[in-house]
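Remarks on the overall topology
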Amino acid sequence: MKILIYKGDYDLVKQSGVGQAIEHQEKALKLNNIDYTTDETDDYDIVHINTIMPKSKNFGRKAKKQGKKVIYYGHSTMEDFRNSFRGANLLSRLFKKWIISCYNIGDIIITPSQYSKNILEGYGINKKIYSLSNGIDLDKFKGDKDSRKRFRNKYNLKDDDKVIISVGHLMKRKGLDDFIEVARELPQYKFIWFGHTNPKLLTTQIKKAIKNKPDNVIMAGYVDQKELVDCYRGSDLFLFMTREETEGIVLLEAFASKIKVLVRDIKIYENMFTDGKEVIKAKTNDEFKNKIVNIINGKYSTVEEAYRYVKERSVQKIGEKLKSIYLKLEDG
């Protein structure tokens, strides 16, 4: 049994969560001694398709005609497409039809959470859908004794500065607008947002929010994962104000980095996490503001529970579960 991890559109997604998911799949198979290739000209039995571009969709169709088994990853939903890029809300229903047509190519679908599984099942997709985390490469987020120092030196931060970070595309869905407004109310802290989006895709609301940000907000742009480890390790709080997710790989990265995490209390995290155990939750900006102050002042101890959670989703364990799925697919 040989697996092809299709990377035909990888360059378009490598700076996103989908790109990370592809890398995690490679590592998961390697750690479990599962024969795989990324060369689409090789012979193979099962293909992973992670992207929804026309090129990927066409490759999936071609693979099916050749008698190959296709695993289509359901990373996207209409719900998490909304409030993202300029024009996304107008196009959301067309986007839903498109992703359904992509996912239906799969013999099975893998999506990263029970929440997104429920959404896809609600679309009427008549395929077996598995809920399986994108996983996390724990080794990458260990950091070292100089991680904090490197981070603080790069961004001209004092050792006693209290620093709150977030990571993601520049969009309303990710909560950038509220991140900036909460920072405005807490001028005693530094807020840094890591991530980049093509300016042509930004909504008017997000452009305005960035233009009018307070001085204690730094828009750091995209940084590679090696540097991002220092950012997690060198800050005091990971603030994840996302309004919709299918999982949130950056959340797993924060857990792996043993930094406290404050999330928006949204439906996906309702059953996934307990408030005050793995994460702290908030709903309104006032609640975010109050909880940030409490966290910075030493309230809440969540990092050990969060690390236990993420250990169960290591790429090693995800690979074991993928192997089980392959065997069922082959037998089916």
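Going by an unreviewed UniProt entry, the protein carries the name Glycosyl transferase family 1 and comes from Finegoldia magna.

**Some details on the domain arrangement of the protein**
One can read the domain layout of the protein as domain 1 (3–135 + 314–331) and domain 2 (138–312). A separation of 27 Å is found between the C-alpha centroids of domain 1 and domain 2. Taking both partners together, domain 1 and domain 2 bury about 2200 Å²; carbon and sulfur atoms supply 54% of that area. Remark: the boundary between domain 1 and domain 2 carries two salt bridges. Here Lys-140 ties to Glu-23 by a salt bridge, and the two come within 3.7 Å at their closest N and O atoms. The leading source of residues in the side of domain 1 that touches domain 2 is helix 2 (residues 17–31), at six residues. Each residue belonging to the side of domain 1 that touches domain 2 can be placed in one class, and the counts come to five nonpolar, 15 polar and seven charged.

**Focus: the sheet that holds strand 7 (residues 163–167)**
If you trace the six strands from one edge of the open sheet to the other, you get 9-8-7-10-11-12, paired in parallel fashion. Where the open sheet ends on each side, the last strands, each with one partner, are strand 9 (217–221) and strand 12 (280–282). Averaged over all pairs of adjacent strands, the angle between their axes in this sheet comes to 25 degrees, without regard to strand direction. Here strand 7 pairs with strand 8 (residues 190–194) via five bridges, running parallel. If you follow Ile-164 over to strand 8, its bridge partner there is Phe-191.

**Things to note about the UniProt feature "domain: Glycosyltransferase subfamily 4-like N-terminal" (unreviewed entry) in the protein**
In the numbering used here, UniProt assigns the feature "domain: Glycosyltransferase subfamily 4-like N-terminal" (unreviewed entry) to residues 43–140. Helix makes up 42% of residues 43–140 and strand 17%. Its end C-alpha atoms lie 31 Å apart.

**Describing the side chain of Arg-173**
Mapped onto the secondary structure, Arg-173 falls in the loop between strand 7 and helix 8 (176–185). In this view, Arg-173 contacts Asp-80, Arg-82, Asn-83, Met-241, Thr-242, Arg-243, Glu-244 and Glu-245; residues no more than four positions away in its chain are not counted.

**Examining the sheet that holds strand 5 (residues 108–111)**
Reading across the sheet, the six strands line up as 2-1-3-4-5-6 and stay open at both edges, with parallel pairing between neighbours. Each of the sheet's edge strands pairs with one partner strand only, and the pair in question is strand 2 (36–37) and strand 6 (128–131). In this sheet, strand 6 lies alongside strand 5 in parallel orientation, the contact comprising four bridges. Pairing of Thr-111 across the sheet is with Ser-131, part of strand 6.

**Quick look at helix 11 (residues 249–256)**
The element helix 11 is extensively covered by neighbouring structure, given that eight of its eight residues are classed as buried. Two residues or fewer after helix 11 comes Lys-258, characterised by a positive phi angle close to 60 degrees.

**As for the layout of surface pockets**
Regions of empty space are outlined by a rolling probe, equal in size to a water molecule, passed over the atoms. What the largest pocket holds in volume is close to 1500 Å³. Every residue lining the largest pocket is counted, 50 residues in all, and those nearest its centre are Val-13, Ser-16, Gly-17, Val-18 and His-169. Every element with two or more residues in the lining of the largest pocket is listed here: helix 1 (10–13), helix 2, helix 4 (78–81), helix 5 (88–103), helix 10 (225–234) and helix 11. Per-element accounting of the lining of the largest pocket gives the leading share, four residues, to helix 2. The residue makeup of the lining of the largest pocket, split by class, is 22 nonpolar, 19 polar and nine charged. Split by domain, the residues of the lining of the largest pocket number at least three in each of domain 1 (3–135 + 314–331) and domain 2 (138–312). Each pocket or cavity is described by its volume, and for the second largest pocket that value is around 390 Å³. Elements with a minimum of two residues in the lining of the second largest pocket: helix 6 (114–122), helix 12 (268–272) and helix 15 (315–331). Per-element tally for the lining of the second largest pocket: the top contributor is helix 12, with four residues. Of the residues in the lining of the second largest pocket, the class split is seven nonpolar, six polar and six charged.

**Side note on a nonpolar patch on the surface**
A cluster of nonpolar side chains, contributed by Leu-90, Leu-91 and Leu-94, occupies part of the molecular surface with about 360 Å² of accessible area. As for its position among the elements, Leu-90 is in helix 5. For Leu-90, a relative accessible area of 80% puts it in the exposed group.

Reading the values: rules and limits
Residues numbered from 1 in each chain as written. Predicted model: local features only at pLDDT ≥ 70, side-chain atom pairs only at ≥ 80, totals over all residues. Heavy atoms only, no water. Domains from an automatic or database assignment. Buried area = accessible area lost by both parts, 1.4 Å probe. Salt bridge = Lys/Arg side-chain N within 4 Å of Asp/Glu carboxyl O. Helix = DSSP H or I, 4+ residues; strand = E, 2+ residues; numbered from the N terminus. Nonpolar A, V, L, I, M, F, W, Y, C, P; charged D, E, K, R; others polar. Pairing = 2+ DSSP bridges. Axes fitted to C-alpha atoms, helices over the stretch in contact; angles between N-to-C directions. UniProt positions renumbered as here; feature names shortened; annotations may be inferred. Contact = heavy atoms within 4.5 Å. Buried < 20%, exposed > 50% of the residue type's maximum accessible area, 1.4 Å probe, protein only. 1 Å grid on protein atoms, 1.4 Å probe; cavity = no way out; pocket = protein on both sides within 12 Å on 5 of 7 lines; lining within 4 Å. Points joined across faces, edges and corners; volume = space filled by probe spheres on them. Patch = residues over 30% accessible without salt bridge, like charges linked within 9 Å, V, L, I, M, F, W, Y side chains within 5 Å. Areas by Shrake-Rupley, 256 points an atom, 1.4 Å probe, with all protein chains shown as cover.

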